[in-house]
Amino acid sequence: MTIPAEQVDYRKYLDPRTLAKIQALDIRARLIVEGFITGMHRSPYKGFSVEFSQHRQYVQGDDIRYIDWKVFGRTDRHYIKQYEEETNLQVMLVVDASESMTYAGAATKKWKENGDGWRKFDHATSIAASLAYVALHQQDSAGLAVFDQKVRRFIKPSNNPRQWRVIVDELTTIAKNQKTQTGTILDEIAEQLHHRSLIVLISDLFDDPRNIVKGIQHLRYRRHDLIVLQILDHDELEFPFESTTLFKGMEEMGELVVEPRALRETYIDELRKHSQILRDECHKLHVDYVQVDTSMPLDVTLPGFLATRAARMK
Amino acid sequence: MLDHLNILAFGFLAPWLFAAGAAATSIPIIIHLLNKRKFRIIVWAAMEFLLAAQRRNARRLRFRRWLLLAVRCLALLVLAAAVGQMVLDNTAIGSLFGGQRAIIVILDDSYSMAYQRPGTASAFERSRKLLKDWLGKLSSSDKVMLIRASRGGVQAGNRATSDHAGLESQIKAMEVSDAGTDLAAALDQAAETLKEMERTVPTRDVMLLTDFSNSSIQDPPKGIEQTQRARNLEGERLKKAVETVKAHATQFRVFDLGTDDQMNIAVTDLRTERPVVIAGQPSIFNVTVMNAKQDSEIDVPLTIFLDGVAVQTEKLPKLEVGSPRTVPVKVIVPTPGRHLIEARIPDEMDFLPIDNVRHLMIDARREIPILLVEGDPGDGGRTSWGSTSYVRTALPSAAQLGVFSRKTITDLELPTVPLEPFSVVILTDSPAPRSAALRENLRKYVDKGGVLMIFPGANTNVREMNDLLGDAGIQLLPATLGQPMDMGTGVGFDIAGSNHPVIDKLKRHFEGGEDPGFKSVQTMRYLKLGVPLDGSAEVILNYANGGRGGETKNDAAVVMRRVEKGKVVLFASSADTSWNTWGGKPSFLPFMVELVYHTISADGGGLTLSVGDQINLPGEVENPGAWTGPRGIRFSVNSALDQDGRPRLTSMGLPAAGVYGPEGRAVVAVNPDAEEVDIRHVSAAQMAGAMGIQSDEIVTPLAPGSAGGSAWLVAADSKNTGGSELARNLLLAAFALFLVETLLARIFSVYR
């Protein structure tokens, strides 16, 4: 017996534990989007757009985040701000496929049948595919750049209905083995994009923050809008290890035998400092920065991010 | 400078426990090393942050790791030291910072310290080893004085010395004495020395090493003869001695070297029932055996040896714990002269053989010579056989199956007869000797141990007797002679009122039997005797004349006085039947025999000695020269003239129990102190109570034989923290370190 589509709770597909069990990225992305859409009262497309359209009377069920409080102050009535669906927006998804993105926390090993765990790259590609799907469905153009120490694949933005399949195929087949050169990559992408675009950088950003910031500055200089999604595994955020451990660094970072409990606090502090630099610099450059924990459901990450972004765009 | 190296001297009461604990300190190191080898592997992406964290923390982490490792090792080491009863020799520290120090070591070398179970060392051997080790750890500036605590062990002129090597040699050469413990005497000498050092030596410590035997703190039970040492331990003497020591010492410690299993059974006395032994006649020897074990003993075999040959063995019935049992044993000594009597119980009975045998050297004689002096020779039996006739009958000769040899003379012959060969001189109805030479002769005779008996009679001039022999004369009379008392039909004796040993013995003989003849004795006349009230005379027998003729008290019938080594017995009535009927009554004979035995001096005087006594014998006993004794002791016996110009044999104090004499001959027998027999171990609380000290001033061992080295001794040595106190502190320190370790580990996030 087939369950009617309207009876399926797509929101469960926002949980990485569930997504990990779904091998095909395209299906995974659609489920994310569906889950995402069903989790919102209104179309997300408006939220995704950036151009203001008109006001309308607030009705029950509207998201109160869109109430225009300035109008309320003047008229003592509730009005909702509506935005134009931007049809000529170019969304460029820049996905990090370096070796460090292959890290999957020990806790995620059982999420997938093959035991690889839920890698940061899996999370990144899921987000990228989802965003591409959303963009293409609201008639925007979507492109893809996959990089490690150089841009391995560059797909120009297009609103062709087949674009999404191209992007998904690319994300699925890309090899991931090299070191990261995020700053240089951003410079390179800045040079290749001639139209003003919305660039979504999806990476763990394990690189020198100064180089990353330089790259972002370059993109901003070219008047690109930028969203930075830093993908981190839960282990990387919490460093929950107990016993003596030999850490073999990815991307030729060497080895280290440590008593994790003794280093935990300092490690977290180092990571926090790194993220804080990026967060501060992004803030200065009016770039959205979101840290994504791969163990958290996507409806925690994306709606929050979109709401923040929408608020900033008012 | 070398002395200062000693400041780190320390030891352990339980070194094996410490060794085990010290080995355990390697555990954290091993764990640390194993942890370095054993780890999980993670391929890690955020390596740069980890490396940065490592760089930031490298020194701190290394410090933390080493600190934790050190704290863990130290905690285990301190715990091991606590379990191993570590003791620090702070004496050297004391000498470094506190000036000179003197230690008086009182070592109990009484024979109970020789108690030795098979396979173990005696307390004395352990003491020697401890002291030897301890001496080796002292600062060379420390002065040490060694006092022996056996009776006679205290030596005049003993001084504290820094010659530790000399002391070590002295201790090495020391042997356990056969004498008993005399802690009080040793403490007295310690106190004297402490007083002398009080102004010059700032630190004065006293250490007493003893086996905590019961006899060292308690007077011996009734039936055990005390030697000449004035013990009176229970009479606070020991407490006073300790109190004096503590008043002048900076520290006083008592070390318990004894063991709880100490027990003993011993022959504590061997003596003749009579003062003399007559050859060929059965003699009673009283043997006393004391059971100082934990339980009563049954059928203890007691063997009597005569000149080394067993002559009699009998099994003693049940011997209760702590109560001496005296057993009479009948032995016939065949020939006159010196003989060695020994009473033995088997050495297997206990682990202290020294007191399982007791010696008695006797000088058996053929007879007891008696000189009878007649003031009234009688008329050949027509009216009288003479004033001595009844006495002569009462003291029968060997031919009459008696033991006496009698010589009868008149009072006129007395000045011409030498008195010394006679044990007893009996004057009957004799006038007072008017010759000063005779009186002097009589006095000398009594002074040297002779017995003078005086019976009054018709020839007695009361005033003359009092003047010449009484206090105004040669002071021999036990009482003043008074006027004759005429009692008409006569008066009897107050037997019931007398408790003199002579009368007691007769009472026992006739108890429940026939009337020994006292009741029927009638005395018609007697001289009223004025018995001095100063206790110098003892009344043997009274007349039962109280209430008659205005007398409220009974008059004395027989009075005795000790004069120097001899005795004088004064009768109130005549020896014959002119004034009384006693001579013809059955009681007179046993009374006179018992009176003679009671009053004459014992033979063999000076032949049986206690350990430490010196030989002091008449010159004719043996020749001076080289003598030998037990344990190969060789010494010389000298001849010296006494006050009367007669030769006497003298020697040093005899140090060991056994038989001494010229090569091949036994002349003198020496016994160990019987009062030492109760070697049962007393508790620290009992010892503290007896000495009047605190229980923490008593240092007890962990276990017998566990005192490896001098650590145990050093534990309570001056300025040291006591072993147990230090161990307690170390234990606390170990727990504190473990607490610190846990705290540090938490702070360092080693534990979550």
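Residues numbered from 1 in each chain as written. Chains lettered and ligands numbered in written order. Predicted model: local features only at pLDDT ≥ 70, side-chain atom pairs only at ≥ 80, totals over all residues. Heavy atoms only, no water.

**Quick word on the sheet that holds strand 9 (residues 255–258) of chain A**
The strand order across the open sheet formed by three strands is 9(A)-8(A)-2(B), and the pairing between neighbours is mixed. Taken across any chain shown, the strands that pair with only one partner, and hence form the sheet edges, are strand 9 of chain A together with strand 2 (40–44) of chain B. Recorded for the sheet is a direction-independent mean angle of 25° between the axes of neighbouring strands. As judged from the five bridges shared by strand 8 (residues 245–249) of chain A and strand 2 of chain B, these two strands associate in the parallel manner. (Pairing = 2+ DSSP bridges. Helix = DSSP H or I, 4+ residues; strand = E, 2+ residues; numbered from the N terminus. Axes fitted to C-alpha atoms, helices over the stretch in contact; angles between N-to-C directions.)

**Structural notes on the sheet that holds strand 7 (residues 251–256) of chain B**
All names here are of chain B. On the basis of which strands lie adjacent, the open sheet formed by five strands has the order 5-4-6-7-31 and parallel pairing. Only two strands of the sheet have a single neighbouring strand rather than two, namely strand 5 (143–148) and strand 31 (698–699). Summarising the sheet, strand 7 and strand 31 pair through two bridges and their orientation is parallel. Across the sheet, residue Val-254 finds its bridge partner in strand 31, namely Ile-698.

**Considerations on the packing of aromatic side chains**
Counted by the stated rule, this structure contains 25 aromatic pairs over all chains. Plain terms: the ring middles of Phe-239 of chain A and Phe-247 of chain A are 5.4 Å apart, the flat faces sit at 25° to each other, and that makes the pair stacked. Considered together, Phe-239 of chain A and Phe-247 of chain A belong to a single accessibility category, that of buried residues. With 4.8 Å between their ring centres and 45° between their planes, Trp-582 of chain B and Phe-591 of chain B make a pair best called tilted. Summarising the burial analysis for this pair, Trp-582 of chain B and Phe-591 of chain B share the class buried. Of the aromatic side chains, those joined through ring pairs into one cluster are Phe-455, Phe-493, Phe-518, Tyr-526, Tyr-543, Phe-571, Trp-582, Phe-588 and Phe-591 of chain B. Of note, Arg-344 of chain B hangs over the ring of Phe-305 of chain B, and the distance from its end group to the ring centre comes to 5.7 Å. Positioned above the aromatic ring of Trp-579 of chain B, the side-chain terminus of Arg-525 of chain B is 5.5 Å from the ring centre. (Phe/Tyr/Trp six-rings, centres within 6.5 Å; stacked < 30°, edge-to-face > 60°. Buried < 20%, exposed > 50% of the residue type's maximum accessible area, 1.4 Å probe, protein only. Lys NZ or Arg CZ within 6 Å of the ring centre and 35° of its normal.)

**Section: the environment of Lys-315 of chain B**
All names here are of chain B. Within the secondary structure, Lys-315 sits in strand 11 (residues 309–316). Assessed through its relative accessible area of 57%, Lys-315 is described here as exposed. Sequence separation between Lys-315 and Ile-298 is 17 residues; the distance between their C-alpha atoms is 8.4 Å. Apart from the residues lying within four places of it in its own chain, the contact partners of Lys-315 are Asp-299, Val-300 and Pro-301. (Contact = heavy atoms within 4.5 Å.)

**Let's talk about a nonpolar patch on the surface**
Where nonpolar side chains cluster on the molecular surface, the patch consists of Val-257 of chain A together with Phe-39 and Ile-41 of chain B and spans about 240 Å² of accessible area. Here Phe-39 of chain B lies in the loop between helix 2 (26–37) and strand 2. (Patch = residues over 30% accessible without salt bridge, like charges linked within 9 Å, V, L, I, M, F, W, Y side chains within 5 Å. Areas by Shrake-Rupley, 256 points an atom, 1.4 Å probe, with all protein chains shown as cover. Salt bridge = Lys/Arg side-chain N within 4 Å of Asp/Glu carboxyl O.)

**Observations regarding the packing of helix 1 (residues 15–24) of chain B against helix 3 (residues 47–83) of chain B**
Describing two packed helices takes the angle between their axes plus the distance from one axis to the other. Residues and elements named next belong to chain B. Here helix 1 crosses helix 3 at 170°, and the two axes come no closer than 8 Å. In terms of axis orientation, helix 1 runs roughly antiparallel to helix 3. Together, Leu-17, Phe-18, Gly-21, Ala-22 and Ala-24 of helix 1 and Leu-76, Leu-77, Ala-80, Ala-81 and Val-83 of helix 3 make up the contact between the two elements. Partitioned by chemical class, the residues of the contact of helix 1 with helix 3 number nine nonpolar, one polar and no charged. (Parallel < 35°, antiparallel > 145°, perpendicular 65-115°, else oblique. Nonpolar A, V, L, I, M, F, W, Y, C, P; charged D, E, K, R; others polar.)

**Digging into helix 10 (residues 436–447) of chain B**
All names here are of chain B. For helix 10, with twelve residues, the first-to-last C-alpha span of 16 Å sits near the 16 Å given by 1.5 Å per residue. Among the residues of helix 10, Leu-438, Arg-439, Leu-442, Arg-443, Tyr-445 and Val-446 are the ones counted as buried. Buried residues along helix 10 cover an arc of 160° about the axis, so they all sit on one side. Put simply, Ser-435 is the residue that caps the front of helix 10, since its side-chain oxygen is 3.2 Å from the backbone nitrogen of Ala-437. Phi turns positive, to about 120°, at Gly-449, one or two residues after helix 10. (Expected span 1.5 Å × (residues − 1). Arc of directions from axis to C-beta. Polar contact = N/O pair within 3.5 Å; in protein donor to acceptor, adjacent residues only side chain to side chain.)

**Observations regarding unusual backbone geometry**
Residue and element names in this part refer to chain B. Positive phi, normally seen in glycine, also occurs at Asp-429, with a value near 50°. Positionally, Asp-429 belongs in the loop between strand 17 (424–428) and helix 10. Using a relative accessible area of 6% as the deciding quantity, one classes Asp-429 as buried. The phi dihedral of Gln-475 falls on the positive side, at around 55°, and the residue is not glycine. Inspection of the secondary structure puts Gln-475 in the loop between helix 11 (462–469) and strand 19 (480–491).

**Thoughts on the interface of chain B and chain A**
Chain B puts 27 residues into the contact, and the matching count from chain A is 36 residues. Buried area between chain B and chain A, summed over both chains or domains, comes out near 3,000 Å², and the portion from carbon and sulfur atoms is 67%. Our count for the chain B to chain A interface comes out at two salt bridges. Linking chain B with chain A are nine residue pairs in polar contact (both at pLDDT 80 or more), by the criterion used here. In terms of residue count, the dominant contributor to the side of chain B that touches chain A is helix 3 of chain B (13 residues). Considering only residue class, the side of chain B that touches chain A consists of 16 nonpolar, four polar and seven charged. (Buried area = accessible area lost by both parts, 1.4 Å probe.)

**What to know about the environment of Ile-454 of chain B**
Residues and elements named next belong to chain B. Within the secondary structure, Ile-454 sits in strand 18 (residues 451–455). Under the relative-accessibility criterion, Ile-454 is labelled buried at 3%. Residues Ile-454 and Val-558, 104 residues apart in the sequence, show an inter-C-alpha distance of 9.8 Å. When sequence neighbours within four positions are dropped, the list of residues in contact with Ile-454 reads Leu-427, Met-465, Leu-469, Leu-477, Val-568, Val-569, Leu-570 and Phe-571.

**Quick word on the side chain of Thr-388 of chain B**
All names here are of chain B. Along the chain, Thr-388 falls in the loop between strand 15 (368–374) and helix 9 (389–394). Relative accessible area serves as the criterion here: at 0%, Thr-388 is assigned to the buried category. At a separation of 2.5 Å, a polar atom in the side chain of Thr-388 contacts the side chain of Glu-374. If we skip the residues at most four places from it in the chain, Thr-388 touches Leu-372, Val-373, Glu-374, Thr-408 and Thr-428.

**Topic: helix 13 (residues 588–599) of chain B**
With twelve residues, helix 13 of chain B ought to run about 16 Å at 1.5 Å a step, and its terminal C-alpha atoms sit 16 Å apart, in line with that. For helix 13 of chain B, the buried fraction is high: ten of the twelve residues fall into the buried class.

**With respect to the confidence of the model for chain B**
Residue and element names in this part refer to chain B. The share of residues in chain B with pLDDT of 70 or more is 88%, and the mean pLDDT across the chain is 85. Per-element confidence in chain B ranges from a low mean pLDDT of 46 for helix 4 (residues 91–98) to a high of 97 for strand 18. Every residue in residues 91–98 scores below 50 in pLDDT, and together they form 23 contacts with partners more than four places removed in sequence or on other chains. Here residues 718–723 is a poorly scored stretch, pLDDT under 50, and it has 25 contacts once near neighbours within four places are set aside; other chains count. For this predicted complex, the interface confidence reaches an ipTM of 0.78, while the overall pTM sits at 0.57. (pLDDT = per-residue confidence, 0-100.)

**Quick word on the pattern of salt bridges**
The tally for this structure, following the rule as stated, stands at 48 salt bridges over all chains. For Asp-269 of chain A, the salt bridge is made with Arg-56 of chain B, and the minimal N-O distance between the two is 2.8 Å. One end of the pair, Asp-269 of chain A, is in helix 10 (residues 260–284); the other, Arg-56 of chain B, is in helix 3, on a second chain. Since its relative accessible area comes to 43%, Arg-56 of chain B is described here as partly exposed. One salt bridge connects Arg-562 of chain B with Glu-538 of chain B, and the closest N-O pair in it is separated by 3.6 Å. In this pair, Arg-562 of chain B sits in strand 22 (residues 556–563) while Glu-538 of chain B sits in strand 21 (residues 537–542), placing the two residues 24 residues apart along the sequence. What emerges from the salt-bridge pattern is a single network uniting Asp-269, Glu-270, Arg-272 and Lys-273 of chain A together with Arg-56 of chain B.

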